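This is what each chain is made of:
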Amino acid sequence: MKESLEIRRKRLKFRSGHRGTKELDLLLGCFAEHRLESLDLAQLDRYEALLEAPSPLVYAWITGQEGPPPEMDHDVLRLIREFSARP
């Protein structure tokens, strides 16, 4: 049975705030809480793939400490970077 969009978003919100590192939990948890509802299905797929990557790498990509690989250098990562850079 295919999960509903509402359940998928709830699951992704939970995963965003429970990755294991406090900094990334706060960053992705806040992003998910404020922006996940506006992502389309393709963007949700890219976001979910980002959540599968190791936390230290995701944090480095978001903060610009390291460049992401081409398959992770996409609009969703840019949205997260913009969100995390807001005052």
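Axis separation between helix H2 (residues 22-35) and helix H5 (residues 75-85) bottoms out at 10 Å; the angle between their running directions is 105 degrees. Judged by the angle between their axes, H2 and H5 are roughly perpendicular. Here H2 contributes Leu27, Leu28, Cys30, Phe31, His34 and Arg35 to the contact with H5, which in turn contributes Leu79, Ile80, Phe83 and Ser84. Broken down by class, the residue content of the contact of H2 with H5 amounts to seven nonpolar, two polar and one charged.

Moving on, we come to the pattern of salt bridges. For the coordinates displayed, the defined rule picks out 10 salt bridges. One salt bridge connects Glu48 with Arg8, and the closest N-O pair in it is separated by 2.9 Å. With Glu48 in helix H3 (residues 41-52) and Arg8 in helix H1 (residues 5-16), this residue pair connects regions lying 40 residues apart in the sequence. Residues Lys13 and Glu37 are paired through a salt bridge, measuring 3.2 Å at the closest nitrogen-oxygen approach. Linking Lys13 in helix H1 with Glu37 in the loop between H2 and H3, this pair joins segments that are 24 residues apart in sequence.

In this model H1 runs 16 Å from its N-terminal to its C-terminal C-alpha over 12 residues, within 8% of the 16 Å that 1.5 Å per residue would give. Burial in H1 covers these residues: Arg8, Arg9, Leu12 and Ser16. The buried residues of H1 occupy an angular sector of 95 degrees when projected down its axis, which confines them to one face. Seen from the buried face of H1, the exposed residues on the opposite side, beyond 90 degrees, are Glu6, Lys10 and Phe14.

Scanning all chains against the criterion turns up two aromatic pairs. Relative to Tyr47, the ring of Phe31 has its centre 5.7 Å away and its plane inclined at 35 degrees; by these criteria the two rings are tilted. You can see Phe31 sitting in helix H2 and its partner Tyr47 sitting in helix H3, a full 16 residues away along the chain. Arranged with centres 5.7 Å apart and planes meeting at 80 degrees, the rings of Phe31 and Phe83 form a pair that is edge-to-face. Taken as a pair, Phe31 in helix H2 and Phe83 in helix H5 lie far apart in primary sequence, 52 residues in all. When its relative accessible area of 9% is taken as the criterion, Phe83 is described as buried. Clustering of aromatic rings is evident, with ring pairs tying together Phe31, Tyr47 and Phe83.

Definitions and cut-offs
One numbering rule holds for all chains: residues counted from 1, following each sequence as written. With pLDDT at 70 or above as the cut-off, local features in this predicted model cover only qualifying residues; side-chain atom pairs require 80 or more to be listed or tallied, and sums for whole chains, interfaces and linings still use all residues. Hydrogens are left out, water is left out, and the side-chain values use all remaining heavy atoms of the structure. Helix axes are fitted only over the stretch in contact, all axes being lines through C-alpha atoms; the angle between N-to-C directions runs from 0 to 180 degrees. A run of DSSP states H or I qualifies as a helix once it reaches four residues; a run of E qualifies as a strand once it reaches two. Both are numbered from the N-terminal end. Roughly parallel means an angle under 35 degrees; roughly antiparallel, over 145; roughly perpendicular, 65 to 115; everything else is oblique. Contact between two residues is taken to exist if any of their heavy atoms lie within 4.5 Å; hydrogens are not considered. Gly counts as polar in this scheme, as do all residues outside two lists: the nonpolar Ala, Val, Leu, Ile, Met, Phe, Trp, Tyr, Cys and Pro, and the charged Asp, Glu, Lys and Arg. Any carboxyl oxygen of Asp or Glu that lies within 4 Å of a side-chain nitrogen of Lys or Arg is treated as forming a salt bridge with it. Multiplying 1.5 Å by the residue count of a helix minus one yields the expected span of that helix. In this scheme, a residue with accessible area under 20% of its type's maximum is buried, one over 50% is exposed, and one in between is partly exposed, where area comes from a 1.4 Å probe on protein chains only. The reported arc concerns the directions from the helix axis to the C-beta atoms and nothing else. Stacked, edge-to-face and tilted labels apply to pairs of Phe, Tyr and Trp rings (six-membered ring for Trp) whose centres lie within 6.5 Å, assigned for plane angles under 30 degrees, over 60, and everything in between, in that order.

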